[in-house]
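Coordinates in review
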Amino acid sequence: MPRPTYYESLSPAFTGAIPRSLACHREEGEFVFGKTLSLSPLAAERLGETLRRFGTEAVVCEEGAQVVLSQEGSLPAEGFRLEVTPQRISLAYGDASGRIYGLGALEQLLFLAYRFGADQAMLECGILEDQPRLPWRGVMLDSARHFQSPAVIVRLLRAMGRLRLNRFHWHLTDGEGWRLPCPGAPELSSLGTLQQGGYRREEIQEICAVARENGIMIVPEIDFPGHNRGLLELHRELRCDPQGGSNEICLGNPDSLAFAKARFQEAMELFPDSQYFHIGGDEAWDGNWRACPKCQAKCRELGLPSARKLEEWFMRELSQFLVDHGKTPISWRTEAILTPQNVLQCWGNANDMNACAWHDQGENLVISSIDNAYYLDYPQASEEPRFCWMVNLSEEGVYSANPAAHMGEKLGERLLGLECPLWTELVPEWRIGAKLFPRLVAAAESAWSPSGGSFGDYLSRRRALELAGYLWW
Ligand code: ACM
Ligand code: ZN
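Predicted, not measured: the structure shown is a model, and the values here were computed from it.

**Re the overall build of the protein**
Counting its secondary structure elements, the protein contains 17 helices and 17 strands. Computed over its C-alpha atoms, the radius of gyration of the protein comes to 24 Å, within 12% of the 23 Å expected for a compact globule of 473 residues. Projected onto the principal axes, the alpha-carbon positions of the protein cover approximately 85 × 50 × 45 Å. Considering the protein as a whole, with its 473 residues, one finds that 58% of them fall into the buried category.

**What about empty space enclosed by the protein?**
Following the criterion strictly, the structure yields two cavities of 30 Å³ or more and no others. By volume, the largest cavity amounts to about 50 Å³. Asp377, Pro385, Phe387, Met390, Trp423, Glu425, Leu426, Val427, Arg431 and Lys435 are the residues that line the largest cavity. Residues belonging to the lining of the largest cavity are distributed by class as follows: six nonpolar, no polar and four charged. Looking at the second largest cavity, its volume works out to about 40 Å³. Taken together, Arg133, Leu134, Tyr374, Ala401, Asn402, Pro403, Ala404, Leu415, Leu418 and Ser446 make up the full set of residues lining the second largest cavity. Only helix H13 (403-406) and strand S17 (415-422) provide two or more residues apiece to the lining of the second largest cavity.

**A short note on the packing of aromatic side chains**
In total, this model carries 23 aromatic pairs according to the counting rule given. For the pair tryptophan 136 and tyrosine 276, a centre-to-centre distance of 4.8 Å together with 80 degrees between the ring planes defines the contact as edge-to-face. Separated by 140 residues along the polypeptide, tryptophan 136 in strand S8 (residues 136-142) and tyrosine 276 in strand S13 (residues 276-280) bring together distant segments of the chain. The buried category is assigned to tryptophan 136, whose relative accessible area is 1%. Taking the centre distance of 4.8 Å and the plane angle of 25 degrees together, the rings of tyrosine 399 and tyrosine 458 count as stacked. Here the residue tyrosine 399 occupies a position in helix H12 (residues 395-400), and tyrosine 458 occupies one in helix H17 (residues 455-467), the gap between them amounting to 59 residues. The two residues tyrosine 399 and tyrosine 458 agree in class, both being buried.

**With respect to helix H10 (residues 307-324)**
Within an α-helix, residues lying three or four positions from one another point in the same direction, as the helix has 3.6 residues per turn. For H10, built from 18 residues, the straight-helix expectation of 26 Å at 1.5 Å per residue is met to within 8% by its first-to-last C-alpha distance of 25 Å. The complete set of buried residues in H10 reads Ala307, Leu310, Glu311, Glu312, Trp313, Phe314, Met315, Leu318, Ser319, Phe321, Leu322 and Val323. Downstream of H10 by one or two residues, glycine 326 has phi in the positive range, about 80 degrees.

**Overview of the nonpolar core**
Of all hydrophobic cores here, the largest spans 142 residues; its most connected members are Phe33, Phe168, Phe224, Phe271 and Phe314. In terms of residue count, helix H3 (residues 96-113) provides more of this core than any other element does, ten residues in total. Counting eight residues, the second largest nonpolar core, distinct from the first, contains Met217, Val219, Val366 and Leu416.

**As for the environment of alanine 77**
Secondary-structure assignment places alanine 77 in the loop between strand S4 (67-71) and strand S5 (80-84). Residues alanine 77 and proline 438, spaced 361 residues apart in sequence, show a C-alpha to C-alpha distance of 27 Å.

**Structural notes on the coordination of the zinc ion (ligand 2)**
At the metal site, the zinc ion (ligand 2) is ligated by Cys240 (SG), Cys250 (SG), Cys292 (SG) and Cys295 (SG), and these contacts range over 2.3 to 2.4 Å. Given four donor atoms and angles of 105 to 114 degrees at the metal, the environment of the zinc ion (ligand 2) is assigned as tetrahedral. Between consecutive donor residues of the zinc ion (ligand 2), the sequence gaps follow C-x9-C-x41-C-x2-C. On the criterion of sequence distance, the pair formed by cysteine 240 in the loop between helix H6 (229-234) and helix H7 (254-270) and cysteine 295 in helix H9 (residues 293-302) is long-range, its members being 55 residues apart. On the basis of relative accessibility, which here comes to 11%, the residue cysteine 240 falls in the buried class. What makes cysteine 295 buried here is its relative accessible area of 0%.

**Comments concerning the pattern of salt bridges**
Under the counting rule described, the total for this entry stands at 28 salt bridges. Two residues, arginine 145 and glutamate 425, come together in a salt bridge whose shortest N-O distance is 3.4 Å. Residue arginine 145 is located in the loop between S8 and helix H4 (150-162), and its partner glutamate 425 is located in the loop between S17 and helix H15 (432-436); the two are separated by 280 residues in the primary sequence. The class for arginine 145 is buried, based on a relative accessible area of 12%. A salt bridge links glutamate 395 to arginine 462; the shortest N-O distance between them is 2.7 Å. Remark: arginine 462 occurs in helix H17 and glutamate 395 occurs in helix H12; sequence separation between them is 67 residues. The two residues glutamate 395 and arginine 462 agree in class, both being buried. Members of the salt-bridge network, linked through shared partners, are Asp142, Arg145, Asp174, Glu176 and Glu425.

**Here we look at unusual backbone geometry**
Look at the link from isoleucine 18 to proline 19: it is a cis peptide, with omega at 0 degrees. Looking at the secondary structure, you find proline 19 in the loop between helix H1 (7-10) and strand S1 (23-32). With an omega of 5 degrees, the peptide bond between phenylalanine 437 and proline 438 qualifies as cis. With phi around 55 degrees, histidine 227 is a residue other than glycine that occupies positive phi space. A relative accessible area of 11% places histidine 227 in the buried class.

**Observations regarding the side chain of asparagine 364**
Examined against the element boundaries, asparagine 364 turns out to sit in the loop between helix H11 (350-354) and strand S16 (365-367). Take asparagine 364: its relative accessible area is 3%, and that puts it in the buried class. Within the structure, asparagine 364 has its side chain in polar contact with the side chain of arginine 414 (distance 2.9 Å).

**Re the packing of H7 against H10**
Contact geometry of H7 with H10 gives a least axis separation of 10 Å together with a crossing angle of 30 degrees. Between H7 and H10, the interaxial angle falls into the category roughly parallel. In the packing of H7 onto H10, the handedness of the crossing is right-handed. Together, Ser256, Leu257, Ala260, Lys261, Phe264, Gln265 and Met268 of H7 and Trp313, Phe314, Glu317, Leu318, Phe321 and Leu322 of H10 make up the contact between the two elements. Tallied by class, residues from the contact of H7 with H10 come to nine nonpolar, two polar and two charged.

The rules behind the values
Residues numbered from 1 in each chain as written. Chains lettered and ligands numbered in written order. Predicted model: local features only at pLDDT ≥ 70, side-chain atom pairs only at ≥ 80, totals over all residues. Heavy atoms only, no water. Helix = DSSP H or I, 4+ residues; strand = E, 2+ residues; numbered from the N terminus. Rg over C-alpha atoms; globule rule 2.2 N^0.38 Å. Buried < 20%, exposed > 50% of the residue type's maximum accessible area, 1.4 Å probe, protein only. 1 Å grid on protein atoms, 1.4 Å probe; cavity = no way out; pocket = protein on both sides within 12 Å on 5 of 7 lines; lining within 4 Å. Points joined across faces, edges and corners; volume = space filled by probe spheres on them. Nonpolar A, V, L, I, M, F, W, Y, C, P; charged D, E, K, R; others polar. Phe/Tyr/Trp six-rings, centres within 6.5 Å; stacked < 30°, edge-to-face > 60°. Expected span 1.5 Å × (residues − 1). Core = buried A, V, L, I, M, F, W, Y, C linked by side-chain atoms within 4.5 Å. Donors = N, O, S within 2.8 Å, 3.2 Å for Na, K, Ca; no water. Tetrahedral: all angles 85-135°; square planar, octahedral: opposite > 155°, others 65-115°. Salt bridge = Lys/Arg side-chain N within 4 Å of Asp/Glu carboxyl O. Polar contact = N/O pair within 3.5 Å; in protein donor to acceptor, adjacent residues only side chain to side chain. Axes fitted to C-alpha atoms, helices over the stretch in contact; angles between N-to-C directions. Parallel < 35°, antiparallel > 145°, perpendicular 65-115°, else oblique. Left-handed = near helix turned anticlockwise from the far one by under 90°. Contact = heavy atoms within 4.5 Å.

Written out as structure tokens, the structure is:
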């Protein structure tokens, strides 16, 4: 059957991947797919099912396969090079993540290659080289306000792997729920406001395995010292005023710090692959601490001038505990110098980001908001449920946000990465996919690809992949 004449203009099969590649060199010729395709074992494992659906039988072949993989020490972490010649498709990668991402890119290209049917399937020859712009490319999911089943978490991790997103920041505790299994405090999973459920140890182990398979590090968050209403309903003794209501744990009670450390100790055991642990640090009110005899006595003992300084002390102690265990603490932006290792997650506006300038310790800033650009709980369209402070955040708004443009030169050097939070006060489990997509695709390209991409070009690649049958979620 003759190939339609508009083929070339529709979407060159070599440059169609998302995120956009660092470099593509077109060469003469085409790789034409047939009834069978021989692949080295790992490639067959990843692509065999897709090829079968397209009508090509995947044959596993140890030596001399048409699709071959090789590790190359000279390639950077997470990087890969895909070379297509008329005879062979060769994927070289720097590490396991590079292999995962390279196979993922090849899978997208297969969708484009087969879009007119198996009898016309071909890939243009050339070399595609890729490596990430930013080392931290994250998603945060709030599993506390609304609970999501392990199946939805696994689905998200697989979608992240396809988008080369490598950090799953898991907001596991908040006023409304405590979803971590805590052997030392099992009562936390039985509180009235926490009835939607929690994750069992075995479920978390399975989730960790899927994260590993997809090149993703989980960053578990246990939010202190605020966002603790549920915990403090159960443990009134950890409130400044046991009879009052409070979201903040009492900083002057020595049991509070011991409680927090014990929960992180358990989390380190539950998440053995995790290097980063998130200690929270957002939106704590200092009114209860200012009025609390225990907090005030602790301030005097430590020679601290204010409740805010006491909060800093508490967060520093918690950070140091993690550092002493070989882990890296991360917190929502705080101007306090906690430890030299701490990573800061910025979630305010440009002024907030620049207020982090004091913390001159290398690449340690993760940007989640520049005037809300990565807050995926914000509506995409005005028909969506929203809080009054939320503005519409379009796919183009996400794609074109450029935190570096708002940061002083010094801060620009310290950009570790981007992260999209999905808070779930208004998002039940079945709306997770609708909230994330397509904006997460735009965010993934903006974190991975060289800056300066065109939204129009991105959009045509996204649509071409979707029209070819590729699913993000
Ligand atoms: C936040 O949005 N409370 C970090
Ligand atoms: Zn107190």
